[in-house]
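# Close look at the chain arrangement
Here is what each chain is made of, one letter per residue.
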Amino acid sequence: MPASLDYVATMHGVWRAGGIAIPLNVSSAVSELNHYLTCASVTRMIANGKYRESLVDLCADLNIELVSVDDVISDTASDLPTLVPERRAMMLFTSGTTNKPKGVVSTHKTISAQITTLIEAWSWTEDDIIPLFLPVHHIHGIINILSCGLWAGATVHLFAKFDIPTITAEIITGTYNVFMAVPTIYVKLIQYFDTITDAEVQKICDGFKPMRLNISGSAACPVKLFNQWRDLTGQILLERYGMTEIGMGISNPYNGERRAGHVGQPLPGVEAKLFDEEHNPITEENVPGEIRIKGDNVFLEYWDNEKATIESFVDGWFCTGDVAVIDNGYYRIMGRSSIDIIKSGGYKLSALEIEGVLLTHDDIIEVAVIGTEDETWGESVVAFVAVADGRQLEYETLKEWCNGKMSSYKIPKTLKLIDALPRNAMGKVTKPDLKKLI
Ligand code: MLC
Ligand code: AMP
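Moving on, we get to the site of ligand 1. Neighbouring ligand 1 are 24 residues; Ser 218, Arg 240, Lys 343, Ser 344 and Gly 345 lie closest to it. One of the side-chain nitrogen or oxygen atoms of Ser 218 is found 2.5 Å away from an oxygen atom of ligand 1. One of the side-chain nitrogen or oxygen atoms of Lys 343 is found 2.5 Å away from an oxygen atom of ligand 1. Protein contact buries 73% of the 1100 Å² of open area that ligand 1 shows by itself. Where the shell around ligand 1 is concerned, the elements lending two or more residues are α6 (139-152), α8 (183-193), β9 (238-243) and β19 (341-344). Of the residues contributing to the shell around ligand 1, the split by class is eleven nonpolar, eight polar and five charged. When residues are assigned to domains, the shell around ligand 1 turns out to be shared by domain 1 (84-238) and domain 2 (341-437), each giving three or more.

A separate point is the packing of helix α7 (residues 164-172) against α8. Close contact between α7 and α8 brings their axes to 12 Å; oriented N to C, the two are set at 90°. Compared by their axis directions, α7 and α8 come out roughly perpendicular. Counted together, Ile 164, Pro 165 and Thr 168 of α7 and Lys 188, Leu 189 and Tyr 192 of α8 form the full contact between these two elements. Looking at the contact of α7 with α8 residue by residue, the class counts come to four nonpolar, one polar and one charged.

What follows deals with the site of ligand 2. With respect to spatial proximity, 15 residues lie near ligand 2, and among them Glu 239, Arg 240, Thr 244, Asp 322 and Lys 343 are the closest. The contact in question runs from a nitrogen atom of ligand 2 to an N or O atom on the side chain of Glu 239, over 2.9 Å. Contact between ligand 2 and Asp 322: an oxygen atom at 2.5 Å from a side-chain N or O atom of the residue. Expressed as a share of its isolated accessible area of 500 Å², the protein-covered part of ligand 2 is 95%. Among the elements that take part in the shell around ligand 2, β9 stands out by supplying five residues, more than any other. Of the residues in the shell around ligand 2, the class split is five nonpolar, four polar and six charged.

Here helix α3 (residues 49-62) is 14 residues long and its end C-alpha atoms lie 20 Å apart, about the 20 Å a rise of 1.5 Å per residue gives. The largest bend along α3 reaches roughly 45° and is located at Val 56. Buried residues of α3: Leu 55, Leu 58 and Cys 59, and no others. Looking at the packing, one finds that the buried side of α3 touches α2 (30-39), β1 (44-46) and β2 (65-67).

What counts, and where the lines are drawn
Along each chain, residues carry numbers from 1 onward, in the same order as the chain's sequence is written. Chain labels run from A onward and ligand labels from 1 onward, assigned in the order the entries are written. Residues qualify for local features only when their pLDDT is at least 70, as the model is predicted, and side-chain atom pairs are given and counted only at 80 or more; totals for whole chains, interfaces and linings, by contrast, use all residues. Side-chain metrics in this entry use all non-hydrogen atoms of the structure; hydrogen atoms and water are not considered. We call a residue near a given molecule or strand whenever any one of its heavy atoms falls within 4 Å of it. Polar contact criterion, stated in full: a pair of N or O atoms within 3.5 Å, where within protein one must be able to donate a hydrogen and the other to accept it, and residues adjacent in sequence count only if both atoms are side-chain atoms. To measure how exposed things are, a 1.4 Å probe is used in the Shrake-Rupley method; for residues, cover is taken only from the protein chains shown. Per the convention used, a helix needs a DSSP run of H or I reaching at least four residues, while a strand needs a run of E reaching at least two, with both numbered from the N terminus. Residue polarity follows a fixed list, in which Ala, Val, Leu, Ile, Met, Phe, Trp, Tyr, Cys and Pro are nonpolar, Asp, Glu, Lys and Arg are charged, and the others, Gly among them, are polar. In this entry, domain limits derive from an automatic or database-based domain assignment. An axis is simply a line fitted to the C-alpha atoms; with a helix, the fit covers only the stretch in contact. Between two such axes, the angle follows the N-to-C directions and lies from 0 to 180 degrees. Oblique is the label for any angle not covered by the other classes, which are roughly parallel (under 35 degrees), roughly antiparallel (over 145) and roughly perpendicular (65 to 115). What makes two residues a contact is simply this: any of their non-hydrogen atoms within 4.5 Å. Helices are assigned an expected span. That span is 1.5 Å times one less than the residue count. Note that the bend at a residue is defined as the angle between axes fitted to the seven residues ending at it and the seven residues starting at it. Relative accessibility decides the category of a residue: with a 1.4 Å probe and only protein chains considered, values under 20% of the type maximum give buried, values over 50% give exposed, and everything between is partly exposed.

Coordinates in, geometry out; function isn't part of it.
Quick look at the structure:
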């Protein structure tokens, strides 16, 4: 389900009944859904309208009961279980350094901790009104916007997608006082300003100006964008850092200096530390290390994957794979330790997962996927491909072939045909060398 009252009712119904809610992407390819549903041993799928129709065969194949919201919604609640905070509540699929996405399981306690820290840090109140146009199968939309809004007794306007004219029309009338988005959304708004009159731009910027808070996160907010947004709207973007496994971990202050290019300091109740490769904590400033996190906000486990869960913790610290320095008291993210993780439009993508799909193409014999810097998307997906002797491959044909095999944001935006992938003496593909070819 896209963001809608049915979505909210279903999510809370599952939670209240003691089940595990697994919100899925409405635009996932069938093969992706097949993986999520199988991996999570799903017993019941709730979907409406055209989404329900499109799931009939898959659910039948997997022996999953398929129902619509109307089938399960009830006016009277009875025999609801008493829930302990440690009960599993939600599973979100996230891409990693393995081929297939993993199910990140959080408990009621995790979710409460993830919400309450933000209520305090960002001063949520019942007077807040916020639009939700981000996808509701990721933590940014589910926790930071929807769940914080509901917890605070605030008002959340639900949009099935990010439609600039519809949302800016509300902004002009002064409907919202809080706005949260990924950097790409701010870039797209600025790009939209080039397509409308100066008077219209002014009206939209005047709608942003009196808001109490504009937040950017899920990917790095470039300093240029931070400055552009301040010059246009007077808003000093509050940048924060988070991850599906931890909710939000580090944030610039609500009151105090919001520093461009930095993500701030650990949130209330969250412990953060940098560690070197030998697992020693780093205490000096400007020495890079991996961000590790402890606290009630940290997830319970990767579903049905004890090995991955164990490997992602060291001495009780969750290892994020993100590298940062502390610069004059504020965390500054330097990048990720794995070249195989790409962040595009705020979505985390696994290069290995995309490579796995491309390798099923008859004409492709070798493939390597990397992310390259992109002003709009943060990073853009590039595929280096070697084709079988005598075969040709055009980008448009490949793009079409990818449709239905992966969500559209994973489809490579650039295709580079090469004879063979560069390898080191161990025979391993050297992706940094590929980056130099762009
Ligand atoms: C879409 N397109 C892309 C693309 N995504 N091109 C390059 N790179 C990408 N990543 C292309 C499509 O193929 C299409 O091209 C055109 O853009 C329009 O597609 P769309 O799907 O309509 O795009 P749009 O609605 O504009 O999507 C942009 C967006 C979306 C920013 C609204 O990407 C989005 O909602 N991102 C947010 C994801 C999110 O919530 N992440 C948080 C994860 S939680 P064509 O050629 O077909 O027209 C997390 C933790 C934390 O990270 O810290 O919060
Ligand atoms: P996800 O797994 O989709 O939840 O994405 C989490 C990842 O997004 C983190 O591990 C970071 O790499 C990235 N991320 C989130 N917020 C920021 C930020 N403010 N700056 C840089 N990277 C970020």
